[in-house]
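Geometric and topological summary
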Amino acid sequence: MNMTNAPLPTNFIQNIITEDLKDNKNGGRVHTRFPPEPNGYLHIGHAKSICLNFGLAVANGGICNLRFDDTNPSKEEVEYVESIQADVKWLGFDWDDRMFYASNYFDKLYEYTVGLIKAGKAYVCDLSAQEIRQYRGTLTEPGQDSPYRNRSIEENLDLFKRMRAGQFEDGARVLRAKIDMASPNINMRDPVLYRILRATHHRTGDKWCIYPMYDYAHPLSDAIENITHSVCTLEFADHRPLYDWALDQVDYAMEADGRPQQIEFARLNLTYTVMSKRKLRELVEHGYVSGWDDPRMPTISGLRRRGYTPESIRDFCDRIGVAKRDSMVDIALLEHCIREDLNLNGPRVMAVLDPLRVIIDNYPEGQVEWLEGENNPENPGMGSRQIPFSREVYIEREDFMEDPPKKFFRLAPGREIRLKSAYIIKCERVVKDDQTGAILELHCSYDPESHSGGATSGRKIKGTSHWVSAAHALKAEVRLYDHLFVDENPDDEGDGLDYKAKLNPSSLQVLTSCLVEPSLAGAAPGSRYQFMRQGYFCVDPIDTSENLLVFNRIVSLRDTWAKIQKGNESSTSA
RNA sequence: AGCCGAAUGGUGUAAUGGUAGCACGACUGAUUCUGGUUCAGUUCGUCAGGGUUCGAGUCCUUGUUCGGCUGCCA
C-alpha cells in the first residue's frame, strides 16, 4: 500500500539495527527469524511479530527465516505447522527456501552438548523435578548445588549417552548446565538443558527420547542459521544471560560473521479480546466459539474468515509500533484499518437486513427499470452496475418511524426520502396488523421526475435509504459480529471474575431473512462488499453454498446516528 | 523480599541535550443521492522530588507505580 519512500518505521529495534549497520556489525548483514512453536494457531499478536521480523529484514536489505521451534513433541502437531505456514503466507510474507525446524538440528545440538560436557560445563543430574525445584532456592534465597554437580566428565558422558539410548525412564535424569546456583537470576541456577521425554515427534518420530530445552536450543538454532537479531517478547528478557551463555560456551564453529543478539519487545494486547493460547484453546474446546477460525477469534484464520484483508492487518501492525512497555491497543484502531482499506476497495451494494415492504402506488404495476449504481464513489474506476427497480421494494425497518424524534432524517408518515440511485418517495399510508399493531407495510408515492440525474433530481432531501426490489432480491443469511467480550480487559481478574464470565452474549447475531440486490448472485466466497449505510461484509467462505449466501459482518460503518440516538436515550432517561 | 524491565494526551507511538509531533478515539462545523467518505477545527500529555546544563521527556539521583521471573513449557 505504501509505495512511496516512506521513512523507516522508527522504533528502538530499528535504531539498534541502524547502529549495527553503521558499525558494520555482523558484516553488515541483517538476518531475523520468526520462530513459532507449532502448538496452536497464530493470532494477531503473532502477526505483530511476523510483520516486525520480516519487515525489519526487508527494510534493512536482509532476510527472515521461518523456523518451527519444535523442541517439545508432546504439544506439537503437523496440523499446526501447516496452518502456520498458510497464515504467514496469507499475511503476505515469503521465507523463500528458508523454512527450518529446530528439530533439524537435534544431531548437531547433541554433538555440541557432548563437547559441552567434555568441557565440564554440563552434568547429568539425578534429582527429581521436585528436588530440583527445592534445590533451586527462591527469588530471594540462593539455591544449593545438586549432589550430582561434580560428577566426573567420564561419568557425565556415559550417562548422557545412556539417556539418549533410552536406558532411563522419562524424568529420571536431566542434563544441566553448570553455571551458578547462587545467581540472582534464577534462569542461571544450573538450568536444565535436556530432558528425557518419550513422545513421538511430528518430524523425527521416535528417533529421540531426549529433547533440548528452548533456552538451550534457541540460541544455538539462531547461531546455526546465522541470525543477527533475535527478536522475542519481553518475558524472555530474564533468559538473555542464558542465551548469551549458550553462545559463549559452545564452540559452534560458525563460519558466521558475527553472533546473534536477543532483543525483547512488548507483546500485543488488544481491548475486548484475549490473546493467550491457553484461553483461545479453551474457547474452542469448550464450544464458546465454533473453532479456531470463528470470525470472532483474534486468530489469523478467524480474522481471515471474518473478512479482514492481509493489507489491513499489516497496516495495523505498522501503526501500533514497537516498544518495551506493556500496553493495550484499542481494537478501534484495527477496525479503522479495515474500514480504510475497504472504503477504497470494497464495492458498494445494497442489502436490507430487516426488510419492511414498501408499495409505490403510483408506479406502474409490472414495470421494471434497470438503474445505474456506481460501485464505489471513492474509486470511479470500479465502474457501475444495473439495479432493478419496481413497484414493490423493501427498505430497512429502522429507516421508518411512525413518530420520529428530532433529527430523524428518514421516512415517516407524510415525509420523503430518496431511495439511493432511484427516486424520491413519500410515505402516504401505514398498514398495521389489527391485533398486534405491528407495521406490516408502507404505501408510498414516488416523484417520477426525481430519478437520479433527472429534472428534479437536485431536490434536497435529507435522507437517503438503501433498498431492494421485492421481485428481484436474493435471500441471504447475515451474521452480525461484535466483540467477543464485554469487558475491555477480560484478562483482568481483579474483580474476581474469570475471563469467561465476561463473554459477550450477543457477540453473534444471525439474521436469516435478509434481502440483497441481485448482482450478488454467485458472489465469490471470501469476497468483500460494503453494504451501503451498514458496514463491510464478507461472503463466508465455509458456509456459503449454491443455494444460500452467507455474509459475515467484518465491521460496521462509523455510525453518527447511533451516537445521536444514544445521546437522546440518556438525555430522556435522565 | 531478590533480580530484570518499563513509565509521554483517553489509547498507541515519535522526539538519540535544542519548537513535545503523528495516528486512533472523542467533540464542533462544512460537504455529501451512504447519518459513510472527505475537509476544516477543538480537546487532551512528558509519574514525583532533587541535581547537572545556557537549555532536560532525554543525563545523574532518590522515590512511586506497573509488568516479568521460583516448568524436566515456549
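Residues numbered from 1 in each chain as written. Chains lettered and ligands numbered in written order. Predicted model: local features only at pLDDT ≥ 70, side-chain atom pairs only at ≥ 80, totals over all residues. Heavy atoms only, no water.

**Comments concerning the overall build of chain A**
Within chain A one finds 13 helices and 25 strands. Dimensions along the principal axes, computed over C-alpha positions, put chain A at roughly 100 × 50 × 45 Å. Looking at chain A as a whole, 51% of its 574 residues are labelled buried. In chain A, 70% of the contacts between residues at least 6 apart in sequence involve partners at least 24 apart. In the form shown here, chain A has an accessible surface area of approximately 26400 Å², with 48% of it arising from carbon and sulfur atoms. The centroid of the 70 positive side-chain charges in chain A is displaced by 2 Å from the centroid of its 86 negative side-chain charges. (Helix = DSSP H or I, 4+ residues; strand = E, 2+ residues; numbered from the N terminus. Buried < 20%, exposed > 50% of the residue type's maximum accessible area, 1.4 Å probe, protein only. Contact = heavy atoms within 4.5 Å. Areas by Shrake-Rupley, 256 points an atom, 1.4 Å probe, with all protein chains shown as cover. Lys, Arg positive; Asp, Glu negative; His and termini not counted. Charge placed at Lys NZ, Arg CZ, Asp CG, Glu CD.)

**A word on the packing of helix H1 (residues 12-22) against helix H2 (residues 44-59)**
Across the interface, H1 lies against H2 with an axial gap of 11 Å and an inter-helix angle of 35 degrees. Pair H1 / H2 crosses with right-handed handedness. Here H1 contributes Ile 13, Gln 14 and Ile 17 to the contact with H2, which in turn contributes Leu 52, Leu 56 and Ala 59. Taken together, the residues of the contact of H1 with H2 sort by class into five nonpolar, one polar and no charged. (Axes fitted to C-alpha atoms, helices over the stretch in contact; angles between N-to-C directions. Left-handed = near helix turned anticlockwise from the far one by under 90°. Nonpolar A, V, L, I, M, F, W, Y, C, P; charged D, E, K, R; others polar.)

**A few points about the pairing of strand S13 (residues 369-374)**
What you see with S13 is a clean split: Glu 369, Leu 371 and Gly 373 sit on the buried side and Trp 370, Glu 372 and Glu 374 on the side with no burial. Taken together, the six bridges between S13 and strand S14 (residues 384-389) define a ladder with antiparallel strand orientation. Within S14, the position partnered with Glu 369 by the bridge is Phe 389. (Pairing = 2+ DSSP bridges.)

**With respect to helix H11 (residues 310-320)**
In an α-helix, one turn spans 3.6 residues, which is why side chains three or four residues apart end up on the same side. What H11 keeps buried is the set Pro 310, Ser 312, Ile 313, Asp 315, Phe 316, Cys 317 and Ile 320. Structurally, H11 contributes buried residues whose contacts are with H2, helix H3 (78-91), helix H10 (300-306) and helix H12 (331-345). Backbone geometry just after H11 places Gly 321 at a positive phi near 75 degrees.

**Re the sheet that holds strand S15 (residues 392-396)**
Taken together, the seven strands give an open sheet; going across it, the order is S19-S16-S17-S18-S12-S15-S20, and neighbouring strands pair in mixed fashion. A single partner strand is all that each edge strand has here, and the edge strands are strand S19 (464-465) and strand S20 (467-469). With two bridges joining them, strand S16 (residues 416-419) and S19 adopt parallel strand pairing. Residue pairing for S19: Arg 418 is matched across the bridge by Thr 464.

**Overview of the nonpolar core**
Across soluble globular proteins, you tend to see nonpolar side chains buried next to one another. Counting residues in each nonpolar core, the largest one holds 40 residues, and the members touching the most others are Val 88, Ile 313 and Phe 316. The leading source of residues in this core is H2, at six residues. Excluding residues that lie within four positions of it along the chain, Ile 313 makes contacts with Ile 44, Ala 47, Trp 90, Leu 91, Leu 303 and Tyr 308. Judged by nonpolar contacts, the second largest core, of 35 residues, contains Tyr 112, Leu 193, Ala 217 and Ile 224. (Core = buried A, V, L, I, M, F, W, Y, C linked by side-chain atoms within 4.5 Å.)

**A word on the environment of Lys 426**
Topologically, Lys 426 is positioned in strand S17 (residues 424-432). Between the C-alpha atom of Lys 426 and that of Ser 465, which follows or precedes it by 39 residues, the distance is 12 Å. Here Lys 426 is in contact with Gly 414, Arg 415, Glu 416, His 443, Cys 444 and Ser 445, once residues within four sequence places are set aside.

**Re the protein's contact with RNA strand B**
RNA strand B sits among 69 residues. The nearest are Arg 325, Arg 348, Ser 452, Gln 530 and Thr 560. The sugar-phosphate share of atoms of RNA strand B within 4 Å of the protein amounts to 60%. At a separation of 3.1 Å, a phosphate oxygen of RNA strand B approaches a polar backbone atom of Tyr 214. The contact in question runs from a base nitrogen of RNA strand B to an N or O atom on the side chain of Glu 378, over 2.8 Å. Those elements giving two or more residues to the surface near RNA strand B turn out to be helix H5 (129-136), strand S6 (192-196), H11, H12 and helix H13 (560-573). In the surface near RNA strand B, the residues fall into 23 nonpolar, 22 polar and 24 charged. (Near = heavy atom within 4 Å. Polar contact = N/O pair within 3.5 Å; in protein donor to acceptor, adjacent residues only side chain to side chain.)

**Here's the deal with the side chain of Ser 49**
For Ser 49, the position within the fold is in helix H2. Of the residues examined, Ser 49 reaches a relative accessible area of 12% and is grouped as buried. Contacts of Ser 49, omitting those with residues within four sequence positions, involve Phe 34 and Phe 265.

**Here's the deal with the pattern of salt bridges**
Two side chains of opposite charge can pair, provided their charged atoms sit close to one another. Taken as a whole and judged by the stated rule, the model has 41 salt bridges. Across the pair Glu 19 and Lys 22 runs a salt bridge, and its minimum N-O distance is 3.1 Å. Of the two residues, Glu 19 and Lys 22 both sit in helix H1, three residues apart, roughly one turn of that helix. The partly exposed category is assigned to Glu 19, whose relative accessible area is 38%. For Arg 296, the salt bridge is made with Asp 294, and the minimal N-O distance between the two is 2.9 Å. Accessibility classification places Arg 296 together with Asp 294 in one group, the buried group. Salt bridges here are not isolated pairs; linked through shared partners, they connect Asp 293, Arg 305, Glu 477, Arg 479, Asp 540 and Asp 543. (Salt bridge = Lys/Arg side-chain N within 4 Å of Asp/Glu carboxyl O.)

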